[in-house]
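Given next are the chains, with one letter for each unit.
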Amino acid sequence: MGRAQSAKALKIPRGVQLRGDTVRINFSRLGQRHYITLPDLKPTQTDLDWAAGILAKAKRDIRSGTFKWSEHFPDHKLAKSELRSPDNLTIAGLLDIYLKEYASHRKADLTLDNYRYYTNRFIKPEFGHLILPEFRVGHITQWVTRMGNRHISNTTLKSYLSPLRSAFKYAKSQNLVEYNPFVDFEWPEESRQTLQKKRARKKQKKLDVFTLEDISQLLAAAERPQEAHIIQFGFWSGLRPEELFALHWEDIDFCRGIACISRAKVFRRGYSMIEEEPEEREVLKEIKTGELGERDLVLLPSALSALVRQQPYTQNHSPFVFHADYSNKPWRNTNQFRNRFQKLCILAGIRYRRPYMMRHTYASMLLKEGENENFVARQLGHVDTQMLRKVYGEFIPDTASDNGYQLRGDWQAIEKVHTPTLPAPDSDI
């Protein structure tokens, strides 16, 4: 705003200071003195008068009680703290803080992708403009009810709201809010149509295992050798499809007949903003949360045989064991594999079941043959036999009887005492 002048020739206003070639102002607020450097101003009389005007505006708002750092000095550190106060912080701002300062350092990449997508797709358009003190349980209830009327299940809506629920939990720990509305929120009942859809999906997921004849027909119909290998290995290893896709040659110990299962391959879309094109990418992650974790899988003879036949196809030029024949590239996701699996079922003349049923078939075969339940649970990656008994109870034989379950009560005697004598049937009937 002017050329630098000699300090002796300048008239320095009260509250304005020169520090070399920089200009700063100072004032007192709430009993504390603040010194603010104005980097855009030079030691000229014009700029010093300009600094005095800035100082006068700040003092005027301090006296009236309307002073805000973000309005007068937005680059000051106190301005950033002020913007995070509940009186000024919006839902959108809280989510940005939570995702940047907390979730980005603690959540898995895939979870973070989903959080960003749900935030930009659902939460910000609906609640982003509200400041924290305005946000109440009613806002959540109204939105959930409206979405539920579109036959979206509560399970899905819980996923959509998960970043906001986590953000409020974080805000409470940081003293940004005194009240977390999710504490008092209760999920409304789902619509009849939603419940019907859930029942239909549950029927589709019932345990419907393949027979040994089905497996033989399916392998015979597989004209592409690598597809036959992954299907045979899937039926005789019990791996989840995403674990099959992530299996590396370095995980296989042929001498001991062991495969180390420690990762899964998923194919997800990463979202940073809704307007941007989603980034498609393959991700290797740790195996399913809450399970046994890394485990040594004892390979049955048919599983080992499938690996030996697969060696010439991928072992010398790929870290991944299984490739798709038509592209000679590693399998990317379950949808890609399911399409081929469905066509093979049609060619084999057997009823289609989803590829995950290979895992169920493996577990049911082991249990029907009397293998130890703890061993089967470890093979599947479960921490105990609770899930095993819940899912595969019908396949666990009762060793007390050759003909299935052995009744422990003398029901014949009990029924004889408590069953009334019925009249003899009419001879004319």
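This text goes with the structure placed above it.
Nothing here was measured: the structure is a model prediction, and the numbers come from that model.

Engineer: Is there a simple way to think about a positive patch on the surface in this case?
Structural biologist: On the surface, Arg14, Arg33, Lys57, Lys59, Arg60 and Arg63 cluster together into a positively charged patch. A per-element tally of the positive patch places helix H1 (residues 45–64) first, with 4 residues. In this fold, Lys57 is placed in helix H1.

Engineer: Looking at this model, I keep getting lost on H1. Mind explaining?
Structural biologist: Its 20 residues give H1 an end-to-end C-alpha distance of 29 Å, which sits within 8% of 28 Å, the value for a rise of 1.5 Å per residue. Contacts made by the buried residues of H1 are with strand E1 (16–19), strand E2 (22–29), strand E3 (32–38) and helix H2 (69–72). Directly beyond the C-terminal end of H1, a positive phi value near 80 degrees is found at Gly65.

Engineer: Just to check I follow, could you spell out the pattern of salt bridges for this structure?
Structural biologist: When the charged atoms of two side chains with opposite charge come close together, those side chains can pair. What the rule picks out here adds up to 13 salt bridges. Across the salt bridge formed by Lys124 and Asp96, the nearest N and O atoms sit 2.8 Å from each other. Of this pair, Lys124 sits in helix H5 (residues 109–127) while Asp96 sits in helix H4 (residues 91–106), placing them 28 residues apart in sequence. Judged by its relative accessible area of 25%, Lys124 is partly exposed.

Engineer: Help me understand the packing of H4 against H5, please; the structure alone is not making it clear to me.
Structural biologist: The geometry of a pair of packed helices is captured by two quantities: the angle between their axes and the separation between those axes. H5 packs onto H4 with a crossing angle of 170 degrees between their chain directions and a minimal axis gap of 10 Å. Accordingly, the angle class assigned to the pair H4 and H5 is roughly antiparallel. On H5, the residues touching Ile91, Ala92, Leu95, Asp96, Tyr98, Leu99, Ala103 and Ser104 of H4 are Leu112, Tyr115, Arg116, Thr119, Ile123, Lys124 and Phe127. Taken together, the residues of the contact of H4 with H5 break down into 10 nonpolar, 2 polar and 3 charged.

Engineer: So what exactly am I meant to see when it comes to empty space enclosed by the protein here?
Structural biologist: Scanning all chains against the criterion turns up 1 cavity of 30 Å³ or more. Taken as a whole, the largest cavity spans an internal volume of roughly 30 Å³. Along the walls of the largest cavity sit Glu243, Ala246, Leu247, Asp251, Cys260, Ile261, Ser262 and Arg263, which together make up its complete lining. Broken down by secondary-structure element, the contributors of at least two residues to the lining of the largest cavity are helix H11 (241–246) and strand E5 (258–261).

The rules behind each value
The numbers attached to residues start from 1 for each chain and follow its sequence in the written order. Totals for whole chains, interfaces and linings use all residues, but because this is a predicted model, local features are given only for residues with pLDDT of at least 70 and pairs of side-chain atoms are given and counted only at 80 or more. Note that the side-chain values use all heavy atoms of the structure and ignore hydrogens as well as water. Residues qualify for a patch when their relative accessible area is over 30% and they have no salt bridge, like charges being joined within 9 Å and the nonpolar side chains of Val, Leu, Ile, Met, Phe, Trp and Tyr within 5 Å. The method behind every accessible area is Shrake-Rupley, applied with a 1.4 Å probe, and residues are considered shielded solely by the protein chains displayed. Salt bridges are counted wherever a side-chain nitrogen of Lys or Arg sits within 4 Å of a carboxyl oxygen of Asp or Glu. Only four residue types enter the charge count, namely Lys and Arg as positive and Asp and Glu as negative; His and the chain termini do not. Where a charge sits is defined by one atom per residue type, namely NZ (Lys), CZ (Arg), CG (Asp) or CD (Glu). What counts as a helix is a DSSP run of H or I of at least four residues, what counts as a strand is a run of E of at least two, and both are numbered from the N terminus. By this rule, a helix spans an expected 1.5 Å times one less than how many residues it contains. Every residue pair with non-hydrogen atoms within 4.5 Å of one another is taken to be in contact. In this scheme, a residue with accessible area under 20% of its type's maximum is buried, one over 50% is exposed, and one in between is partly exposed, where area comes from a 1.4 Å probe on protein chains only. In this analysis, axes come from line fits to C-alpha atoms, helices being fitted only over the stretch in contact, and the angle between any two N-to-C directions falls in the range 0 to 180 degrees. Geometric relationships in this document are graded by angle, where less than 35 degrees denotes roughly parallel, more than 145 denotes roughly antiparallel, 65 to 115 denotes roughly perpendicular, and other angles denote oblique. The residue classification treats Ala, Val, Leu, Ile, Met, Phe, Trp, Tyr, Cys and Pro as nonpolar and Asp, Glu, Lys and Arg as charged. All others, Gly included, are polar. Note on definitions: the grid is 1 Å and covers protein atoms alone; a cavity is a set of points where a 1.4 Å probe fits but cannot get out; a pocket is an open set with protein on both sides within 12 Å along at least five of seven lines; lining residues have an atom within 4 Å of a point. Grid points are joined across faces, edges and corners, and a volume is the space filled by probe spheres set on the points.

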